[in-house]
Amino acid sequence: MAISELFWTSSIDDLKRGYRQEPEHYVCLLCGKTIEKGIIYQEDDVFYEAFRYMKLHIENVHGSVFAYLNQMDKKVTGLTDHQKTLLGYFYTGKTDAEIQKEMGIKSASTIRNHRFSLKEKERQSKVFLVMMELLKEKSNTEALFLAPPKTATMVDDRYKVTQAEKDKILLKLFPEGLDGPLKTFSIKEKYKLLAIQQIAKRFDENRTYTEKDVNLTLKSVYPDFATLRRYLIEYGFMQRTPDGSQYWLNRGIEERGDRNMDRKQELKRLYKETKTEAGVYQIRNLENQKIYIESTLNLKTINGKRFNLDMGTFPNQVLQKEWKEFGAEAFAIEVLEILEIPEEGYFDVKDALKKLKEKWLDKLQPYEDRGYNTSKVIPQEL
């Protein structure tokens, strides 16, 4: 998963919450979603203030901040899969005896040893953080390596360039001066980043451009203006509307909402981002083709079912047992149908969702050898 620069530059407290507060909105550090302040958001007949709605977003989409972090790659967390599994059990409050049984570990002392090792890793991390802070104070980090711009969508080895190297590279790429044409774009990815970063400075951050305006500016830089335009978007230096009719310089994700866009268009965008969809989904065993059918008022939450299954807390015990037996890679979680809700008039969503689920139960018959559902009449998981 790509991790934004906003994530890396946020405080420990903000990361624990999973979101950061900006002057005009809240931004999710896990996926970049913004929720504007001063707007009341509605979901399931409940009205939420912006910061409460952001908390609901994290719960519905990511399960929890812990669940999101625990699914990150080893390169990011420094944790083995075994350690992450144990942390997941610890987080759900399972006892050592319960973990021992779940993981098939012979001795309870093994769990205690793992707890000790994780505590040791925590202490080592604190020492390392202090050392890095002292290093930053001792040396001018800004002069050693090129600081990623706020507009960066991801940070990697391309930013391992000293300021001296940057000046030397730009001199070769723009021999007639930084405001002149680009000599070539057939260069290493690291150099392309420096070139695009420099080209982005030719746009006014307070102006909204048409695609024709953007092309006109880029044509004076390099003949293949379409490639430059694509890189400006991909690297996060510019943003555009879905139809490509408007472009603007991205001053950072924290200022995304501050644009000279039509207010009606902006509200439509916010509505699409916050709108939830109800529907029916299935969890399918790819090995024996058995299925489990369930409905939910928010289909964005179905990814959290995978976390529940990984942690051994899923309510359907038969499915839970086979999940452990076959492994997570043997299952697929798929949306069967999204509930169509009319824009006007009264509509009983829960009743319609119940009928939609019954339709799929009748159609697929996920019982006994065919599935994990125990009967046609079962409590809904909403």
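Enquirer: So what exactly am I meant to see when it comes to the overall build of the chain here?
Expert: Counting secondary structure elements, the chain contains 17 helices and 11 strands. Evaluated residue by residue, the chain yields a buried proportion of 42% over its 382 residues. Nonlocal contacts in the chain, meaning residues at least 24 apart in sequence, comprise 53% of its contacts between residues at least 6 apart.

Enquirer: Honestly, the sheet that holds strand 7 (residues 238–240) in this entry has me stumped. Any pointers?
Expert: The strands making up a sheet are joined through hydrogen bonds of the backbone, oriented either antiparallel or parallel. The strand order across the open sheet formed by 3 strands is 6-8-7, and the pairing between neighbours is antiparallel. Each of the sheet's edge strands pairs with one partner strand only, and the pair in question is strand 6 (208–209) and strand 7. The sheet contact formed by strand 6 and strand 8 (residues 247–249) spans 2 bridges and is antiparallel. Counterpart to Thr208 in the pairing with strand 8 is Trp248. Running over the sheet, helix 13 (residues 225–234) touches strand 7 and strand 8 and is turned about 95° from strand 7.

Enquirer: Is there a simple way to explain the confidence of the model for the chain in this structure?
Expert: Detailed reading of the predicted coordinates is not advisable wherever pLDDT falls low. Within the chain, residue pLDDT values average 81, and 84% of them lie at 70 or more. Confidence drops under pLDDT 50 across residues 141–145; counting only partners more than four residues distant or on other chains, this segment forms 10 contacts. Counting contacts from residues 252–263, a segment whose pLDDT is below 50, to residues more than four positions away or on other chains yields 30 contacts.

Enquirer: Honestly, the pairing of strand 9 (residues 279–285) in this entry has me stumped. Any pointers?
Expert: Note on strand geometry: in a regular strand, side chains alternate between the two faces of the sheet. Most of strand 9 sits out of view: 6 of its 7 residues are buried. Bridge analysis of strand 9 against strand 10 (residues 291–296) gives 6 bridges, and the strand direction is antiparallel. Bridging across to strand 10, Val280 finds its partner in Ser295. As consecutive antiparallel partners, strand 9 and strand 10 are separated by 5 residues, and within that stretch Gln289 has a phi angle of approximately 65°, a positive value. Pairing between strand 9 and strand 11 (residues 331–338): 7 bridges, direction antiparallel. Following the sheet pairing, Asn285 is matched in strand 11 by Phe331.

Calculation notes
- Residues numbered from 1 in each chain as written.
- Predicted model: local features only at pLDDT ≥ 70, side-chain atom pairs only at ≥ 80, totals over all residues.
- Heavy atoms only, no water.
- Helix = DSSP H or I, 4+ residues; strand = E, 2+ residues; numbered from the N terminus.
- Buried < 20%, exposed > 50% of the residue type's maximum accessible area, 1.4 Å probe, protein only.
- Contact = heavy atoms within 4.5 Å.
- Pairing = 2+ DSSP bridges.
- Axes fitted to C-alpha atoms, helices over the stretch in contact; angles between N-to-C directions.
- pLDDT = per-residue confidence, 0-100.

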